[in-house]
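# Geometric and topological summary
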Amino acid sequence: MDAVRLIAAGRHALAQSGAAMDIVGEAWQAQALTQGIGSWLAVAGPPELRSEARGLGEAGSRGCGVLDRSALSAEGVAPDYPPRAAQLTGVADVRQALLGLQALFGEVGIALVGVACATDDEGLYWQCIESIDAADESSDRVRAVLRRLTVRERGSASGVA
């Protein structure tokens, strides 16, 4: 499935999440998708984006690592099947995918702040704080790839390769 469709599915799933652990699970899904998109762009994307795309994939990987997947599994949120990102087949529109990821991370951050403010569970609170930091880092990496993409497009428009 194309990245833009997977991002839309993730945004929809996050919007439908009501329980704290569902929101945390969707944050994990967003990071896994970021890792997948970054890795795909690093291998098959435009050569000018590959360095920043590697950084994006690495940020997604680190973001997956901050979430306690065993706690999510115990809650039935992240069962032992591949993440939504496993359905990624390509990134047809790089700009739209990156803009979608940026919007997704904005929504994830807001949702995680809500969970952190509402919980009395110190472990969940700190997991949300770490996840917010990871979402910010991934969002920063998305902006870096978007900047590189803009430079690339301006170069193409002016006839410079």
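Scoring rules and cut-offs
Residues numbered from 1 in each chain as written. Predicted model: local features only at pLDDT ≥ 70, side-chain atom pairs only at ≥ 80, totals over all residues. Heavy atoms only, no water. Axes fitted to C-alpha atoms, helices over the stretch in contact; angles between N-to-C directions. Helix = DSSP H or I, 4+ residues; strand = E, 2+ residues; numbered from the N terminus. Parallel < 35°, antiparallel > 145°, perpendicular 65-115°, else oblique. Left-handed = near helix turned anticlockwise from the far one by under 90°. Contact = heavy atoms within 4.5 Å. Nonpolar A, V, L, I, M, F, W, Y, C, P; charged D, E, K, R; others polar. Polar contact = N/O pair within 3.5 Å; in protein donor to acceptor, adjacent residues only side chain to side chain. Core = buried A, V, L, I, M, F, W, Y, C linked by side-chain atoms within 4.5 Å. Buried < 20%, exposed > 50% of the residue type's maximum accessible area, 1.4 Å probe, protein only. Expected span 1.5 Å × (residues − 1).

### Observations concerning the packing of helix H2 (residues 20–44) against helix H5 (residues 94–118)
Where H2 meets H5, the closest approach of the two axes is 10 Å, and the angle between their N-to-C directions is 155 degrees. Relative to H5, H2 is oriented roughly antiparallel. By crossing handedness, the relation of H2 to H5 is classed as left-handed. Facing H2, whose interface residues are Ala20, Ile23, Val24, Ala27, Ala30, Gln31, Thr34, Ile37 and Leu41, H5 presents Val94, Leu98, Leu101, Leu104, Phe105, Val108, Ala111, Leu112 and Val115. Partitioned by chemical class, the residues of the contact of H2 with H5 number 16 nonpolar, two polar and no charged.

### Remarks on the environment of Ser138
Tracing the sequence through the fold places Ser138 in helix H6 (residues 122–157). Along the backbone, Ser138 and Arg62 are 76 residues apart, and their C-alpha atoms lie at a distance of 9.2 Å. If we skip the residues at most four places from it in the chain, Ser138 touches Gln31, Thr34, Leu56, Ala59, Gly60 and Phe105. Reaching out from Ser138, the side chain makes a polar contact with the side chain of Gln31 at a distance of 2.8 Å.

### Observations concerning the nonpolar core
Nonpolar side chains tend toward joint burial in soluble globular proteins. Counting 42 residues, the largest nonpolar core has Ile37, Leu98, Val108 and Leu112 as the members making the most contacts within it. Elements supplying a minimum of two residues to this core: helix H1 (3–16), H2, helix H3 (50–66), H5 and H6. In this structure Leu112 touches Ile23, Val24, Ala27, Cys128, Ser131 and Ile132, once residues within four positions along its chain are discounted.

### Re the environment of Asp136
Within the secondary structure layout, Asp136 lies in helix H6. Of the residues examined, Asp136 reaches a relative accessible area of 44% and is grouped as partly exposed. Separated by 34 residues in sequence, Asp136 and Gln102 place their C-alpha atoms 9.6 Å apart.

### Section: H6
Here H6 contains 36 residues, and its C-alpha end-to-end distance of 52 Å stays within 8% of the 52 Å for a straight helix at 1.5 Å per residue. Between a side-chain oxygen at the N-terminus of H6 and the backbone nitrogen of Gly123 the separation is 2.9 Å; the capping residue is Asp121.

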